[in-house]
Structure formats: C-alpha cells, structure tokens
Amino acid sequence: MRWWDVEPVTELEHDLFPEDAWSPGMFWSELADARHPRATRHYVVAEDPSTGRVVGYAGLAVAGDTGDVQTIAAARDRWGTGLGPRLLKELIAAATAFECAEVMLEVRVDNLRAQRLYERFGFEPIGFRRGYYQPGNVDALVMRLADPASAPVQGTTTHG
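The present account deals with the structure reproduced in this document. (Residues numbered from 1 in each chain as written. Predicted model: local features only at pLDDT ≥ 70, side-chain atom pairs only at ≥ 80, totals over all residues. Heavy atoms only, no water.)

1. Brief notes about the sheet that holds strand β3 (residues 66-74)
Spatially, β1-β2-β3-β4-β6-β5 is the arrangement adopted by the six strands of the open sheet, whose pairing is mixed. Each of the sheet's edge strands pairs with one partner strand only, and the pair in question is β1 (41-47) and β5 (124-133). Across the sheet, the mean angle from the axis of one strand to that of its neighbour is 25°, orientation sign disregarded. Relative to strand β6 (residues 138-146), strand β4 (residues 102-108) runs antiparallel, the two being bridged by seven bridges. Bridged to Arg108 within β6 is Ala140. Packing against the sheet, helix α1 (residues 6-16) makes contact with β1, β2 (54-63) and β3, and its axis sits at approximately 95° to β2. Lying over the sheet, helix α3 (residues 83-97) contacts β1, β2, β3, β4 and β6, oriented at roughly 25° with respect to β2. (Pairing = 2+ DSSP bridges. Helix = DSSP H or I, 4+ residues; strand = E, 2+ residues; numbered from the N terminus. Axes fitted to C-alpha atoms, helices over the stretch in contact; angles between N-to-C directions. Contact = heavy atoms within 4.5 Å.)

Set out below in structure tokens:
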C-alpha cells in the first residue's frame, strides 16, 4: 500500500465498515511506519488487473515477536473468490519475515465468515474484548496463531 492507495482504501473501508471505519489519517499513520529499515508495519492492496480498482487491503503491525493483524478486507463483489485468503497469507508471510513467534487479531463476534477464514489458517480463539468495536459497542473475539512460519495453508486455494 502506498500513499495514493489511501483514498480508494478509505472508500472501501467506509463501504465495508460504516460504523467503525478507519479514517484516512489512521491509514497515513500506519503507512508512516511501513517503508524504512526499522519498519514495524506491512500493508498491501489488491487491485483488479483489468481496471486498477482497489478490491482489497490488509495490514500487519509488529511489536517485538508478536504480529497483529490490524485490518483485512475484500470488496463485497470479491467475497468467495479467494481474495481474503490471499491477503491473509500475505500477512502471515510478512509475520514470518519479521520473525514473529505469534500473530494476534480481533474480529467482530458477529463476523462468522471471517472467523472461519482465520480458523482455516490455524488461528484459535483465546478471549474477548467487550465493546471493542465502537460506536456499535460490538464485542471482539481475540484469536491467536502460534508459530506463523508453520501455519496451515489449506485456506489459500484461490478461484478466479
């Protein structure tokens, strides 16, 4: 992800997460720590090859030996195409490159589709964060992937 991706990513973010969408400033802040020798962030976008439209994005933050999935999203018209698994695979590969011993994430308790995706990659539920997603006051399920370097890859089959 580069600076010119912030606007289309933010538009997609607002479509997918209207109640708790990230602001452009939040993406700018993350990107500020993504492209230098001591970077602790890794952000990617997926573009439609025929139109150049941003159809997905994902980001990882690293602190010590722990990676944290900050965000991952695919455009509604790309659901079921394998884009989500490809984005998650990219973040797990980045966590491995950062030599992370584990990867953490939060997912809305009502987002069963995403939870199933994470489980296919070996993430396990470890707790809850009450009222994590605001302003809707929706709880988050906290999930953990131990040893991302040996994460299962059955979730990475892609179609289309």
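Next comes the rest of the account.
2. Focus: the pairing of β4
Along any regular strand the residues' side chains alternate between the sheet's two faces. Of all the seven residues making up β4, seven are buried; the element is thus mostly covered by neighbouring parts of the structure. A two-sided burial pattern is seen for β4, the buried positions comprising Glu102, Met104, Glu106 and Arg108 on one face and Val103, Leu105 and Val107 on the other. In terms of strand pairing, β3 meets β4 through three bridges, oriented parallel. Within β4, the residue paired with Asp68 across the bridge is Met104. In this fold, β3 hands off to α3, which returns the chain to β4; that crossover is right-handed. (Buried < 20%, exposed > 50% of the residue type's maximum accessible area, 1.4 Å probe, protein only. Right-handed = clockwise from strand over helix to strand, strands pointing away.)

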